[in-house]
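Chain by chain, the residues run as shown.
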Amino acid sequence: STMPPLLSAIANAGRHGVLAKSAVVMERLSQIDTVALDKTGTLTEGTPCVTDIRPRPGSGLDEHELLALAAAAEHPSEHPLARAVVQAARERGLTLAEAADFTSAPGAGVTATIGGRTIQVGSPSRLAPTISMNVTGVVQALEDEGRTAVLVLRDGAPVGALGIADRLRPDAKATVAALTELTGQPPVLLTGDNERAARHLAAEVGISEVRAGLLPQDKVTAVQAWEALGRRVLVVGDGVNDAPALAAAHTGIAMGKAGSDLALETADAVVVRDELATVPAIVALSRKARRLVA
Ligand code: ADP
Ligand code: MG
């Protein structure tokens, strides 16, 4: 065609299911040598399910009451874990109480007022770094099974934990292999989730380097450290928690289907079709386009 090569690269990207926001994106993408993948919603399907409901003995709550309480607090959140909790409550036909004063802390969890009491749902290490041993035992047992453990606190005291399991995307392993081939080393996993669950998953797809328990700003710090060494990093993510890293990276790609608005706005390119394997395909394409331009 008569299209300039970079423009034609964009059109080509579109045919592959990637919305590149400018011609520069394809050029920058062709330069990347390091890939950092988010876990929840990126390497995994992002449609996790509640598998375990563990009220704390003495909390006065049964399984349904614990789940309903957590779901009421999570209701306004767009986080994949929040959706899993609300969905589990719906499936059991539970009625959710009205929640007020909702706030969310990316990479940590949510807080809301329910029936005059403060309910928090989220990461055990972030919400209750100094929780008692019997709660730690439940959390560790869940995490050892590869679950993401979510803690529920009422007025600051743990009242139970939920186990949530997320499935790998069907093309996760092939994507990791393709990215490894393209950059000469496996991608690194950056996640706000716990180390045990993250390593469990990483091992299944051939990732050896895992950075777990990260807050959004920690993901940025990791990216900046690589860039300071002269590496050019591609970050792939989906969540609000990934937005700062997507912005800091040499190139940021967001998973479009379940991606948060903030991630989609911040990324340089968006995977429109819900296929992770699009990422290595588009990197390969960008390199081809570059050779044509050069
Ligand atoms: P990832 O980096 O793997 O996409 P996130 O940074 O989104 O994960 O979340 C990290 C951790 O923070 C989760 O594993 C969970 O423990 C906690 N968390 C964040 N948001 C929520 C929420 N809405 N409900 C429950 N837990 C949450
Ligand atoms: Mg995510």
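Residues numbered from 1 in each chain as written. Chains lettered and ligands numbered in written order. Predicted model: local features only at pLDDT ≥ 70, side-chain atom pairs only at ≥ 80, totals over all residues.

The next thing to look at is the site of ligand 1. Around ligand 1, the surrounding shell holds 24 residues, and the nearest of these are Lys 39, Thr 40, His 79, Ser 123 and Gly 192. Of all elements in the fold, only α3 (39-43), α5 (80-91), β5 (109-114), β6 (117-122) and β7 (148-154) reach the threshold of two or more residues within the shell around ligand 1. With three residues, the top contributor of residues to the shell around ligand 1 is α3. The class makeup of the residues in the shell around ligand 1 is six nonpolar, 14 polar and four charged. Counting only domains with at least three residues in the shell around ligand 1, you end up with domain 1 (5-45 + 168-293) and domain 2 (49-165). (Near = placed C-beta within 6 Å. Helix = DSSP H or I, 4+ residues; strand = E, 2+ residues; numbered from the N terminus. Nonpolar A, V, L, I, M, F, W, Y, C, P; charged D, E, K, R; others polar. Domains from an automatic or database assignment.)

What follows covers the domain arrangement of the protein chain. What the domain assignment lists for the protein chain is domain 1 (5-45 + 168-293) and domain 2 (49-165). Taking only C-alpha atoms, the centre of domain 1 and the centre of domain 2 are 30 Å apart. Mapped by element, the contributors of at least two residues to the side of domain 1 that touches domain 2 are α3 and α9 (195-205). Broken down by element, the residue count for the side of domain 1 that touches domain 2 peaks at four residues, all from α9. Partitioned by chemical class, the residues of the side of domain 1 that touches domain 2 number seven nonpolar, eight polar and two charged.

In terms of nonpolar packing, the biggest core is built from 50 residues, with Leu 234 and Val 235 touching the most fellow members. For this core, the element with the highest residue contribution is helix α13 (residues 278-293), accounting for five residues. Those residues in contact with Leu 234 that sit more than four places away from it in its chain are Leu 29, Ile 32, Val 35, Ala 249, His 250, Thr 251 and Ile 253. Core analysis: the second largest hydrophobic core is formed by 36 residues, Val 85, Val 86, Ala 88 and Val 110 among them. (Core = buried A, V, L, I, M, F, W, Y, C linked by C-beta atoms within 7 Å. Buried ≥ 20, exposed ≤ 12 C-beta atoms within 10 Å, placed from the backbone. Contact = placed C-beta atoms within 7 Å.)

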